[in-house]
Amino acid sequence: MRLTVQHETRYRFTEPQARIVQLLRLVPGDTTHQTVVHWRIDVDCDARLRDGVDGYGNKTLMLYAEGPIDTLVLTVSGEVLLTEDDGAIEGTTEPFPPELFHRETPLTQADDTIRALATGGDLAAMTALAAAIHARWPLDRRPVPTIRSAEAAAADDTASARDMAQIFVAAARAQGVPARYVSGYSLSGDVERRTATPHAWAEAYVGDGWYAFDPAMGGRPGLDHVRVATALDAAGAAPIAGVRMGQGDEAIDVEVVVAEATEEG
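Novice: Describe the packing of aromatic side chains, with residues and values.
Specialist: Summed over the entire model, instances satisfying the criterion amount to seven aromatic pairs. Between Tyr11 and Phe13 the ring centres are 6.3 Å apart and the planes differ by 5°, which places this aromatic pair in the stacked class. Per residue, the accessibility class of Tyr11 equals that of Phe13, and both read buried. For the pair Phe168 and Phe213, a centre-to-centre distance of 5.3 Å together with 25° between the ring planes defines the contact as stacked. Of the two residues, Phe168 sits in helix H4 (residues 161–174) while Phe213 sits in strand S8 (residues 209–213), which places them 45 residues apart along the sequence. Taken as a pair, Phe168 and Phe213 share a single burial class, namely buried.

Below is the structure:
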């Protein structure tokens, strides 16, 4: 399957900003079953972009924009070829051993509610965990600007895909299974999907390798997930993080469109 991605983030400031510095985790890498056909990031103002790689092996860009800046539009566009495979994820950059992903963070601590979700550590148990999270919390697709912890999300009546991924990670680690948070894009079986945020899911190290699980969809991902960044939690894999130098408030609008590529495209 070939997927196209259009991801636009628009910033509006009530007062001009002197400088904006952002860390972007918006560039997917190739794996054995994911090939980036083309990928482009554009900024609508005078800005410098510097390539890099973070500690988890994710491709990064540092964005530096000098003011005065009243608005900033960041546009991601690309196409990715995906080939189906139910086995372990292969061909990824792995700077750390799986044991690192036993590590609990403030965002992935497990309370009694979370611990009770997982009842084992094998592939079937992790698949059941994704299904249990999907059944327990209705999916909230509204954009949530702040990242909340797995415990805070578990106390709510609904959960975002980001929340569900962190709950999965916390529950898996409570069972002694290495687990990590994943950010990226998903078509989710639709002809086209429009959302106000990128997608999120999780990976767990089971037996012979890393396997993907999407609690927002209730099980293993299909042939429609573009893997971009992984980390211990949502903060470590955030698509955009940064600071601005200036007074006033900001408003952020995000639109993500994922579609199956046409033959002409």
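Novice: Mind laying out the environment of Val21, listing which residues take part and the relevant values?
Specialist: Among the secondary structure elements, Val21 is positioned in strand S1 (residues 2–24). Along the sequence, Val21 and Met62 sit 41 residues apart, while their C-alpha atoms lie 7.2 Å from each other. Val21 has contacts with Met62, Leu63, Tyr64, Ala241, Gly242 and Val243, leaving out every residue within four places of it along the chain.

Novice: Lay out the packing of helix H2 (residues 123–136) against H4 in plain terms, naming residues and giving numbers.
Specialist: Relative orientation of the contacting elements H2 and H4 amounts to 140°, with a least axis distance of 10 Å. When the axis of H2 is compared with that of H4, the two are oblique. Crossing handedness for the pair H2 and H4: right-handed. On the side of H2, the interface is formed by Met126, Leu129, Ala130 and Ile133, while H4 contributes Met164, Ile167, Phe168, Ala171 and Ala172. Residue composition of the contact of H2 with H4, grouped by class: nine nonpolar, no polar and no charged.

Conventions used here
- Residues numbered from 1 in each chain as written.
- Predicted model: local features only at pLDDT ≥ 70, side-chain atom pairs only at ≥ 80, totals over all residues.
- Heavy atoms only, no water.
- Phe/Tyr/Trp six-rings, centres within 6.5 Å; stacked < 30°, edge-to-face > 60°.
- Buried < 20%, exposed > 50% of the residue type's maximum accessible area, 1.4 Å probe, protein only.
- Helix = DSSP H or I, 4+ residues; strand = E, 2+ residues; numbered from the N terminus.
- Contact = heavy atoms within 4.5 Å.
- Axes fitted to C-alpha atoms, helices over the stretch in contact; angles between N-to-C directions.
- Parallel < 35°, antiparallel > 145°, perpendicular 65-115°, else oblique.
- Left-handed = near helix turned anticlockwise from the far one by under 90°.
- Nonpolar A, V, L, I, M, F, W, Y, C, P; charged D, E, K, R; others polar.

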